[in-house]
Amino acid sequence: MLYYKIFSHSVSKEWVVFIHGAGGSSAVWFKQLKDFREKYNLLLIDLRGHGKSADLPQAIYNEEYTFKGVTKDVIEVLDHLSIPTAHFMGVSLGTIIVRQLAEMEQWRVKSLVMAGAVTRLTIQSRILVSLGSAFKRVIPYMWLYKLFAFVVLPRKQHAESRNLFIREAQKLCQKEFIRWFELTKDINPLLSYFKESDLGIPTLYVMGDQDVMFLEPVKKIIKTHKNSVLKILQKCGHVVNVERPQEFNQIALAFLQNHT
């Protein structure tokens, strides 16, 4: 089973489940813990091969990775802890996983908070993925990861979140990185389906105005998904919960309280 950490609330029965992005770990949520613990039970999960889940004997899986398979790992933890319903929060690639979970087991999901959401690969991101695919087996994976991190988080004020993800990515091995990277071929078909499939779940997108790779596709999706709202943080990049934690926490908590 994946590594997980619980922060229990003495009174509340409500849960918030946090899912990090590719190359990260649950450490990416450290600026949310204090504020969210005051009102909710928290569950933080390290995805397969990431964070402390990288230390598990089964961390390197033999089969090809799929978004369904990675999501089933998360569901296994929820079943183990007997958590029936929860609010789910994802960042970056983690937003695809929580959306996949909503598709597979909608009854579990009270609401979704999508930080730096990936809802479509733009031309720039597809070029980046193509370059990565061409060189992923011959170039050390950290070279590729650092390149991606600087393209997605290029500005000086993005340095903290960029360095956090690079530091956590160093816990991956080359083989694990390749398996996760190969998931990228499934992203656009899956996201196209998600765009067409409005589950009606209350969804909050929190994006940075400097998130040039992913902001515009989110603006389009909220026009057709009636229960979705978008909040844009100014002078902020992709990892909004790290760059603007106070604003992010305030917006996300207000949203959760309206759907508790």
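Not measured: the values here are computed from a predicted model. (Residues numbered from 1 in each chain as written. Predicted model: local features only at pLDDT ≥ 70, side-chain atom pairs only at ≥ 80, totals over all residues. Heavy atoms only, no water.)

(A) How the structure looks around the overall build of the chain. A count of helical and extended segments in the chain gives 11 helices and 7 strands. Counting only residues that meet the buried cut, the chain has 57% of its 260 residues in that class. Partitioning the intrachain contacts of the chain with sequence separation of at least 6 by distance along the chain shows that 79% fall at a separation of at least 24. Accessible area for the chain stands at about 11700 Å²; split by element, carbon and sulfur atoms hold 55% of it. (Helix = DSSP H or I, 4+ residues; strand = E, 2+ residues; numbered from the N terminus. Buried < 20%, exposed > 50% of the residue type's maximum accessible area, 1.4 Å probe, protein only. Contact = heavy atoms within 4.5 Å. Areas by Shrake-Rupley, 256 points an atom, 1.4 Å probe, with all protein chains shown as cover.)

(B) Representation of the pattern of salt bridges. The full count for this structure, using the stated rule, is 8 salt bridges. One salt bridge connects Glu-105 with Arg-108, and the closest N-O pair in it is separated by 2.4 Å. Side by side, Glu-105 and Arg-108 carry an identical accessibility label, which is buried. Notably, a salt bridge pairs Glu-216 with Lys-219, separated by 3.2 Å at the nearest N-O pair. Residue Glu-216 and its partner Lys-219 are located together in helix α9 (residues 215-221), separated by 3 residues, close to a single helical turn. Since its relative accessible area comes to 45%, Glu-216 is described here as partly exposed. Linked through salt bridges whose partners overlap, the residues forming this network are Asp-79, Glu-105 and Arg-108. (Salt bridge = Lys/Arg side-chain N within 4 Å of Asp/Glu carboxyl O.)

(C) Local environment of the pairing of strand β5 (residues 109-115). Counted residue by residue, β5 has 6 buried out of 7 residues, so it is predominantly covered. Taken together, the 6 bridges between strand β4 (residues 86-91) and β5 define a ladder with parallel strand orientation. Bridge pairing in β5 links Met-89 to Val-113. Note that the unit made of β4, helix α3 (residues 93-104) and β5 has a crossover that is right-handed. Relative to strand β6 (residues 203-208), β5 is paired through 4 bridges, and the arrangement is parallel. Paired with Val-113 across the two strands is Leu-204, which belongs to β6. (Pairing = 2+ DSSP bridges. Right-handed = clockwise from strand over helix to strand, strands pointing away.)

(D) Region of interest: the sheet that holds strand β7 (residues 228-233). Strand order in the open sheet formed by 7 strands is β1-β3-β2-β4-β5-β6-β7, and the pairing between neighbours is mixed. Looking at the sheet topology across the chains shown, the edges are occupied by β1 (4-7) and β7. Neighbour to neighbour, the strand axes of the sheet diverge by 15° on average, direction disregarded. Where helix α2 (residues 67-80) meets the sheet, its contacts fall on β1, β2 (15-19), β3 (41-45) and β4, and the angle it forms with β3 comes to roughly 140°. (Axes fitted to C-alpha atoms, helices over the stretch in contact; angles between N-to-C directions.)

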